[in-house]
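# Structure at a glance
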Amino acid sequence: MKIRVVSVQFKPRKGDVEHNLHRVAEVLRQVVEDGVPADVVVFPETITSGYFLEGGVREAARTREQILEALVRRYQPFARPEPLDVVLGFYELWHGKYYNSALYLTLSAEPESCRIVHTHRKFFLPTYGVFQEKRFVARGRNIEVFPTRFGPATVLICEDVWHSITGTIAALKGAEVFYVIAASPGRGFHGENVGNVMKWQQILCSVAEEHGVWVVNASLVGFEGGKGFVGQSMVVNPFGQVVVSAPLMKEAMITATIDTEEIAIARANAPLLADLESGLADLLIEMQEIAAEQHARDRQ
Amino acid sequence: MSKLEVIHAPERTHDAEELLRINAPLVAEWLVEFLRDEMIRRRGFHRAVVGLSGGVDSSVTAFLCARALGAENVWGIRMPYRTSSPESLEHAQLVIDQLGIHSRTIDITPAVDGYLQYEPDADGRRRGNVMARMRMIVLFDLSAKLNALPVGTGNKTERLFGYFTWHADDSPPINPLGDLFKTQVWQLARYLGVPEVIVSKPASADLIVGQTDEDDLGISYHLADQILYFLLRGYRVEQIEEMGYPPEKILLVKGRLESTHWKRHLPTTAMLSSTSINDYYLRPVDY
């Protein structure tokens, strides 16, 4: 299966959800009208509002149905005959709580065929240093793999992928493509590139290589209150190699055709996932022991 | 059986010079993008005014503004007082000439002395504060006239030391250098091509004749930046001492840092409700 993916990075207008959804739609219009090869278009974390909102999350949050409806309405005037899948990050209102979430949608020329395929709510909420997520949003509870028109996939948001265990869970559940959306403010200007860009590349390449999966990353750009998001979105193959990356800081879109048949080749060369599966029961017992010990220690 | 060679890990060194080293081209690119993003995209300003003192901070700021906005959109404003060093004017002129930016020279002496005639006993510190605040008034007024944004020039070291006049040199709405230590500003200056005579001269606020920053502070910027680097990362005084830094200098830096938190914040407001601004009602500056 070949999937034509597009990763888009642009600077959203702070807190202006309507404007940013319009901008998302304008990018989709460009993809359709210019014939950019695309089956799945991926936008960064919190692209509908910008990332650092603090209490403004309450005003910018939308339900997933509102996001779908807004995009369906904007997409119709230029819709192409074949469906188009979209991944994007937004602040979500769901069951009386606010979340940092991602949607995987399928848009279609017929409004009634447009649908939400999957919602991921960020599992690991950074609340340290410059980040304050736990103060303003609730934590998601699942790392899920869901069927798409192109096979099983997962969506992870920013710190989610910094923990190797989330990638492990998604790979064990059968994900072949990881859509990783991010908002990463640049820090560290000593090396050849911004410190966290180098760290991101290392993490994404490691997760792709360890599990033999494709990784499609979209990362926010632009400054918010002096904090500049790095961009440099990238696509990584199952051998852990970057096949294309966007520029640092600048608005851009990148395209790649990913071939899921390469997954089997990568995993045959480095059968780490199969080894993990065979040792899973033992690992699970180890994990339970660690959790029990930690629980007991914390109760003392 | 022959013994194996033993290879020990090298002693861990804290090479602060190396830790403070920046990738100057990358930083310049980042700050140029910051200026474009915050000035043009967010606030809709295409012009900048920079108070040019002839020192390295304001020179670097002017260089960055010229890169970000084009030299034709940058005004370098020289604001001498009668006791200011003529060298300051000359060095500012070097920057104006090299960049080809617009310039104005406003002598603040009559305005400053106009006020100080009512306070003839004002000491040097108060007189310096009046000068710094008068320069702020000039910059903001000219920014209104030119439909430009005043761009701040304060660096991280002086911000951490509280070595600035509150609501004067810290007052412009954007500041590209505020997260760069002084020694990092010097690195950036050399990359940008700021005249060497400006980069290598002793830093001075030029508010009092013959004054230098390092005399005022009682420590060199090189040493201060290294100690600040470790303090900010959470190292204790004893740990920094073990690295070989003089205890009295560590305490000097720590004392200045800890006694000036108030200067890095907006005025403290008495909280009376659960919707207190910046306590409960939290919105980022650009929301």
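Coordinates for the structure precede this section.
As a starting point, this report considers the structure included with it.

The rules we used
Residues numbered from 1 in each chain as written. Chains lettered and ligands numbered in written order. Predicted model: local features only at pLDDT ≥ 70, side-chain atom pairs only at ≥ 80, totals over all residues. Heavy atoms only, no water. Helix = DSSP H or I, 4+ residues; strand = E, 2+ residues; numbered from the N terminus. Buried < 20%, exposed > 50% of the residue type's maximum accessible area, 1.4 Å probe, protein only. Contact = heavy atoms within 4.5 Å. Areas by Shrake-Rupley, 256 points an atom, 1.4 Å probe, with all protein chains shown as cover. Lys, Arg positive; Asp, Glu negative; His and termini not counted. Charge placed at Lys NZ, Arg CZ, Asp CG, Glu CD. Pairing = 2+ DSSP bridges. Core = buried A, V, L, I, M, F, W, Y, C linked by side-chain atoms within 4.5 Å. Salt bridge = Lys/Arg side-chain N within 4 Å of Asp/Glu carboxyl O. Expected span 1.5 Å × (residues − 1). Axes fitted to C-alpha atoms, helices over the stretch in contact; angles between N-to-C directions. Parallel < 35°, antiparallel > 145°, perpendicular 65-115°, else oblique. Left-handed = near helix turned anticlockwise from the far one by under 90°.

### Points about the overall build of chain B
- Looking only at helices and strands, chain B features 13 helices and four strands.
- Expressed along its principal axes, the backbone C-alpha trace of chain B runs to roughly 85 × 50 × 45 Å.
- Per-residue burial for chain B yields a buried fraction of 49% across its 287 residues.
- Expressed as a percentage of contacts within chain B between residues at least 6 apart in sequence, the contacts between residues at least 24 apart total 75%.
- If you sum the accessible surface of chain B, you get close to 14900 Å²; carbon and sulfur atoms cover 53% of it.
- Treating the 31 positive side-chain charges of chain B as one cloud and the 38 negative ones as another, the clouds have centres 4 Å apart.

### Considerations on the pairing of strand β4 (residues 97–107) of chain A
Residue and element names in this part refer to chain A.
- Here β4 lies mainly inside the structure; nine of its 11 residues are buried.
- In this structure, strand β3 (residues 84–94) lies alongside β4, joined through 11 bridges in antiparallel fashion. Counted as the bridge partner of Gly 89 is Ala 102 from β4.
- Between the antiparallel neighbours β3 and β4 lie two residues, among them His 95 with a positive phi of about 50°.
- The pairing of β4 with strand β5 (residues 115–121) spans six bridges and is classified as antiparallel. Note on β5: the bridge partner recorded for Leu 103 is Thr 119.

### Focus on the nonpolar core
Residue and element names in this part refer to chain B.
- With 72 residues, the main nonpolar core has Leu 35, Val 60, Leu 64, Ile 101 and Leu 188 as its most contacted residues.
- Counting residues per element, this core draws most heavily on helix α2 (residues 24–42), which supplies 10 residues.
- If we skip the residues at most four places from it in the chain, Leu 188 touches Ile 22, Ala 24, Val 27, Ala 28, Leu 31, Val 60, Leu 64, Leu 177 and Leu 180.

### Points about the side chain of Thr 165 of chain B
All names here are of chain B.
- Looking at the secondary structure, you find Thr 165 in the loop between α7 (156–161) and α8 (182–192).
- Classification of Thr 165 by relative accessible area gives buried; the value is 7%.
- When near neighbours in sequence (up to four residues on either side) are disregarded, Thr 165 contacts Asn 129, Ala 132, Arg 133 and Asp 170.

### Details of the pattern of salt bridges
All names here are of chain B.
- Inspection of the entire model under this criterion finds 30 salt bridges over all chains.
- Linking Glu 38 and Arg 42 is a salt bridge whose minimum nitrogen-to-oxygen distance equals 3.6 Å. Of the two residues, Glu 38 and Arg 42 are both situated in helix α2; the distance of four residues between them amounts to about one turn of the helix.
- The buried category is assigned to Glu 38, whose relative accessible area is 3%.
- In this structure, Glu 38 engages Arg 43 in a salt bridge whose closest nitrogen and oxygen atoms are separated by 3.2 Å.

### Overview of unusual backbone geometry
Residues and elements named next belong to chain A.
- At His 95, a residue that is not glycine, the phi angle is positive and equals roughly 50°.
- One can find His 95 in the loop between β3 and β4.
- Of the residues examined, His 95 reaches a relative accessible area of 66% and is grouped as exposed.

### A short note on helix α11 (residues 221–232) of chain B
Residues and elements named next belong to chain B.
- Its 12 residues place the ends of α11 16 Å apart at the C-alpha level, agreeing with the 16 Å of an ideal helix rising 1.5 Å per residue.
- For α11, the tally of buried residues reaches nine of 12 residues, placing the bulk of the element in the interior.
- Residues of α11 that are buried: Tyr 221, Ala 224, Asp 225, Gln 226, Ile 227, Leu 228, Tyr 229, Phe 230 and Leu 231.
- Its buried side turned inward, α11 meets α1 (16–19), α7, α8, α10 (213–217), α12 (237–242) and α13 (247–258).

### A word on the packing of helix α5 (residues 109–116) of chain B against helix α6 (residues 124–146) of chain B
All names here are of chain B.
- Contact geometry for α5 and α6: axes closest at 10 Å, N-to-C directions at 135°. With respect to their mutual orientation, α5 and α6 come out oblique. Between α5 and α6 lies a crossing whose hand is right-handed. Residue-level contacts link Ala 111, Val 112, Asp 113, Tyr 115 and Leu 116 of α5 to Arg 127, Val 130, Met 131 and Met 134 of α6.

### Remarks on the sheet that holds strand β2 (residues 74–78) of chain B
Residue and element names in this part refer to chain B.
- With parallel pairing, the four strands of this open sheet are ordered in space as β3-β2-β1-β4. Strands with a single pairing partner mark the edges of an open sheet, and in this sheet they are β3 (102–105) and β4 (149–150).
- In this structure, strand β1 (residues 48–51) lies alongside β2, joined through four bridges in parallel fashion. Of the residues in β2, the one forming a bridge with Gly 51 is Ile 77.
- Sitting on the sheet, helix α4 (residues 86–99) is in contact with β2 and β3, with an inclination near 170° to β2.
- Where α6 meets the sheet, its contacts fall on β1, β2, β3 and β4, and the angle it forms with β1 comes to roughly 160°.

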